[in-house]
Amino acid sequence: MNVCAADQMREIDRRAVAEFGMPSLLLMENAGRAVAERVLARLPRSGSVDPLVRVFCGKGNNGGDGFVAARHLYNRGVRVECVLAGEREEVQGDARVNLDLLVPLGIPVFALGESETSSPSFLVDALLGTGFRGKPRDPIADCIRRVNASGLPVVAVDVPSGLDADTGRAGAECVRALETVTFGLPKLGLASYPGRDLAGEITVAHISLPRPLLEKATLQAEWIAAPRAAAHWPERVATAHKGDSGRLFVLAGSPGFTGAAAMTCEAALRAGAGLVTLGIPSSLNAILEVKLTEAMTLPLPETDTQAHSPEALDRLRDRLADADALVAGPGFGRDPRSGELLRGLLRDSATPAVIDADGLNLLSPADERTFPSHCVITPHPGEMARLLGTEIAAVQSNRLEVARSAASRFGCVVLLKGAATVIAAPDGRVAINSSGGPALATGGSGDVLSGILGAALARGLEPFEAAVAGAFLHGLAGEVAAERFGAPGAIAGDVIVAIPEALRRLRMGEVALPYRIL
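A. Looking closely at the layout of surface pockets. Taken as a whole, the largest pocket encloses approximately 1,000 Å³ of empty space. Lining the largest pocket are 49 residues; nearest its centre among them are Gly418, Gly436, Gly437, Leu440 and His474. Looking at the lining of the largest pocket, the elements that each hand over two or more residues are α7 (195-199), α10 (258-270), α14 (358-362), α15 (381-388), α18 (445-458) and α19 (463-485). Considering every element that reaches the lining of the largest pocket, the biggest residue donor is α19, with seven residues. In the lining of the largest pocket, the residues fall into 18 nonpolar, 18 polar and 13 charged. Approximately 760 Å³ is the volume attributed to the second largest pocket. In terms of lining residues, the second largest pocket is bounded by 35 residues, among which Gly60, Asn61, Asn62, Asp65 and Gly129 are the most central. Residue contributions to the lining of the second largest pocket peak at five residues, all from helix α1 (residues 6-18). Grouping the constituent residues of the lining of the second largest pocket by class yields 14 nonpolar, ten polar and eleven charged.

Take a look at the structure:
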């Protein structure tokens, strides 16, 4: 499903009214009704006392949605009251129409602080919408503090109040919701952290916005869900042989980092690569022949620090002629001569490649000549900062735009690792991954991802699709490992072992979407 920026959704709303004749009051009515439906689905209705729902409303359209929700809840027999964070005279337009509709029904609308004699059991956050930026001020900030301090379940309208709808960033004052009902399309901030965590469960409500507007290819990004990834991990046909599943060459390892090389190869094999060969500094070959059973090894010329040497370039060119894909960089070490080898290899080879870890550090800072177009680079925020010559905080401040800009600058696919991994292509395509979790916060997790990506490239996927499919499978394998071992105790080897089960769940359609569609 596409995800969009706040200004894009406003433009969709505008065009729905101007070009398709959708009344704006109807859109608000449908939005508020959707919120009421989700509150009703969660509301405890047993016991001697009917629950009271308190709806915190701002003075804009988000508050208008809250007024509509209150009316629908009242008409369904629910005790409901509204708290208005502002003056009645400040509420205008469609929101004012729906505020006035509460009067003949006798639904209480209190100013902040006037409703404290009652004890609600459920809250609705309709304070701030997608247009919010910066830091909430009183009385909104006071309402947010009251909502969070209550400890009560909260359904947020469109986005949790205090959340930046485009970046997912939140200040000190931001509603933490049990569920967020968003309209038309998920907002970028709901697919990115910390917004995804603050939003709780996400419900996407179709409020009669015209489908052509929601399906436009120019929308901001794609939120990767299981069906999208599953299409790229098919079952092998009965007549398949190992050559059909791709030949992957891995260039990795240095003293102290043989595990990175081994995990990359093992992950690639678990993800379905038919043949995997590891190029390793010659003095480390005996170690890797013991660590690896199914992968082949190729001893290569090395430096006096036992790192990869430029003297291996001609031999590697010959071997890559028979490979379908290359993974370079895991556990590579920091010897500058290894960087010289890698630059020469990338300059001369047409083999699709994944460049990761120390491979990226040796190539930093980078420019438009560093990576060929058939590359996928997989930096974590620190590596991305070094590639761009900036700070980690700048990378994390807007991960999507940083990844998009880097893909355009470098002319290759960029996979920016982290919670809600972002994948960007030079042609402007951007995707946000929805799988994963804290089990992946362990040493070697990136090496596992590199192996999975290498397997996807070796089977012939183009770089952006390989990154999309590989990121989702990697995250799902992390989820499976967390189920088996618990997130704090799962290690990268557990994620590798979980890859076949993750593939099975993908193919059988057993993976839930990251959102509910209403």
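B. Main features of the sheet that holds strand β17 (residues 422-424). Ordered in space as β1-β9-β18-β17-β16-β15-β14-β13-β10-β11-β12, the eleven strands form an open sheet in which the pairing is mixed. At either margin of the open sheet sits one strand with a lone partner, and together these are β1 (2-3) and β12 (296-300). Of the strand pairs in this sheet, strand β9 (residues 221-224) and strand β18 (residues 430-433) are connected by three bridges, and their pairing is parallel. In the sheet register, isoleucine 224 faces β18, and the bridge partner there is asparagine 433. Docked against the sheet, helix α17 (residues 399-410) engages β9, β15 (375-377), β16 (413-416), β17 and β18, running at close to 30° with respect to β17.

C. Up close: the pattern of salt bridges. Tallied over the entire structure, the rule returns 40 salt bridges. Taking the shortest distance from any N to any O, the salt bridge between arginine 429 and glutamate 465 comes out at 3.8 Å. With a gap of 36 residues between them, arginine 429 in the loop between β17 and β18 and glutamate 465 in helix α19 connect regions that are remote in the sequence. Overall, the relative accessible area of 14% leaves glutamate 465 in the buried class. When the shortest N-O distance is used, the salt bridge between glutamate 483 and arginine 505 registers 2.9 Å. Of the two residues, glutamate 483 sits in helix α19 while arginine 505 sits in helix α20 (residues 492-508), which places them 22 residues apart along the sequence. Residue class for glutamate 483 comes out exposed when judged on its relative accessible area of 56%.

D. Region of interest: unusual backbone geometry. A cis geometry characterises the amide bond from aspartate 138 onward to proline 139, with omega recorded as 10°. Relative to the assigned elements, proline 139 resides in the loop between β5 (122-126) and α5 (140-150). For the bond from serine 364 to proline 365, the omega torsion is -10°, close enough to zero to count as cis. Mapped onto the elements of the fold, proline 365 is located in the loop between α14 and β15.

E. The packing of aromatic side chains, seen in detail. In the structure shown here, the tally under the stated rule is two aromatic pairs. Both rings, one in tryptophan 223 and one in tyrosine 515, keep their centres 5.5 Å apart while their planes meet at 45°; by these two values the pair is tilted. Here tryptophan 223 is found in strand β9, whereas its partner tyrosine 515 is found in the loop between α20 and β19 (516-517), with 292 residues between them in sequence. The burial state of tryptophan 223 is the same as that of tyrosine 515; both residues are buried. Here the aromatic rings of phenylalanine 371 and phenylalanine 410 are separated by 5.6 Å at their centres, their planes lie at 70°, and the arrangement is edge-to-face. You can see phenylalanine 371 sitting in the loop between α14 and β15 and its partner phenylalanine 410 sitting in helix α17, a full 39 residues away along the chain. Each member of the pair, phenylalanine 371 together with phenylalanine 410, is buried.

F. Spotlight on the environment of lysine 187. Mapped onto the fold, lysine 187 is located in the loop between β7 (179-183) and α6 (188-191). Once the C-alpha coordinates of lysine 187 and valine 354 are considered, the two residues, 167 residues apart in sequence, prove to be 30 Å apart. Setting aside anything within four residues of it in sequence, one finds lysine 187 in contact with Val3, Cys4, Met9, Thr130, Asp158, Val159, Ala165 and Thr182. A distance of 3.0 Å separates polar atoms of two side chains, one belonging to lysine 187 and the other to aspartate 158. At 2.7 Å, the side chain of lysine 187 and the backbone oxygen of leucine 185 are in polar contact.

G. View of the packing of α18 against α20. Axis separation between α18 and α20 bottoms out at 8 Å; the angle between their running directions is 30°. If you check the angle between α18 and α20, you find them roughly parallel. In this structure, α18 meets α20 at a crossing whose hand is right-handed. Seen from α18, the contacting residues are Ser445, Val448 and Ile452; seen from α20, they are Ala492, Val495, Ile496 and Ile499. Counted by class, the contact of α18 with α20 contains six nonpolar, one polar and no charged residues.

H. Looking closely at a nonpolar patch on the surface. Together, Leu25, Val97 and Leu101 make up a nonpolar patch on the protein surface, roughly 210 Å² of accessible area in all. Within the secondary structure layout, leucine 25 lies in helix α2 (residues 24-42). For leucine 25, a relative accessible area of 36% translates into the label partly exposed.

I. Summary view of the nonpolar core. Among the nonpolar cores identified, the biggest contains 65 residues, and Trp233, Leu278, Ile423, Leu473, Ile499 and Leu506 are the most heavily contacted of them. It is α19 that contributes the most residues to this core, twelve residues altogether. With residues near it in sequence (within four places) discarded, isoleucine 499 still touches Ala267, Arg270, Ala271, Val448, Ile452, Leu473 and Ala477. Grouped together as the second largest cluster of nonpolar side chains are 61 residues, Val159, Trp223, Cys412 and Ala424 included.

J. Representation of the packing of α10 against α20. Where α10 meets α20, the axes come as close as 9 Å, and the angle between the chain directions of the two elements is 10°. Of the possible angle classes, the one that applies to α10 and α20 is roughly parallel. Of the residues in α20, those touching α10 at Met263, Glu266, Ala267 and Arg270 are Ala492, Ile496, Ile499, Pro500 and Leu503. Considering only residue class, the contact of α10 with α20 consists of seven nonpolar, no polar and two charged.

The rules behind these values
- Residues numbered from 1 in each chain as written.
- Predicted model: local features only at pLDDT ≥ 70, side-chain atom pairs only at ≥ 80, totals over all residues.
- Heavy atoms only, no water.
- 1 Å grid on protein atoms, 1.4 Å probe; cavity = no way out; pocket = protein on both sides within 12 Å on 5 of 7 lines; lining within 4 Å.
- Points joined across faces, edges and corners; volume = space filled by probe spheres on them.
- Helix = DSSP H or I, 4+ residues; strand = E, 2+ residues; numbered from the N terminus.
- Nonpolar A, V, L, I, M, F, W, Y, C, P; charged D, E, K, R; others polar.
- Pairing = 2+ DSSP bridges.
- Contact = heavy atoms within 4.5 Å.
- Axes fitted to C-alpha atoms, helices over the stretch in contact; angles between N-to-C directions.
- Salt bridge = Lys/Arg side-chain N within 4 Å of Asp/Glu carboxyl O.
- Buried < 20%, exposed > 50% of the residue type's maximum accessible area, 1.4 Å probe, protein only.
- Phe/Tyr/Trp six-rings, centres within 6.5 Å; stacked < 30°, edge-to-face > 60°.
- Polar contact = N/O pair within 3.5 Å; in protein donor to acceptor, adjacent residues only side chain to side chain.
- Parallel < 35°, antiparallel > 145°, perpendicular 65-115°, else oblique.
- Left-handed = near helix turned anticlockwise from the far one by under 90°.
- Patch = residues over 30% accessible without salt bridge, like charges linked within 9 Å, V, L, I, M, F, W, Y side chains within 5 Å.
- Areas by Shrake-Rupley, 256 points an atom, 1.4 Å probe, with all protein chains shown as cover.
- Core = buried A, V, L, I, M, F, W, Y, C linked by side-chain atoms within 4.5 Å.

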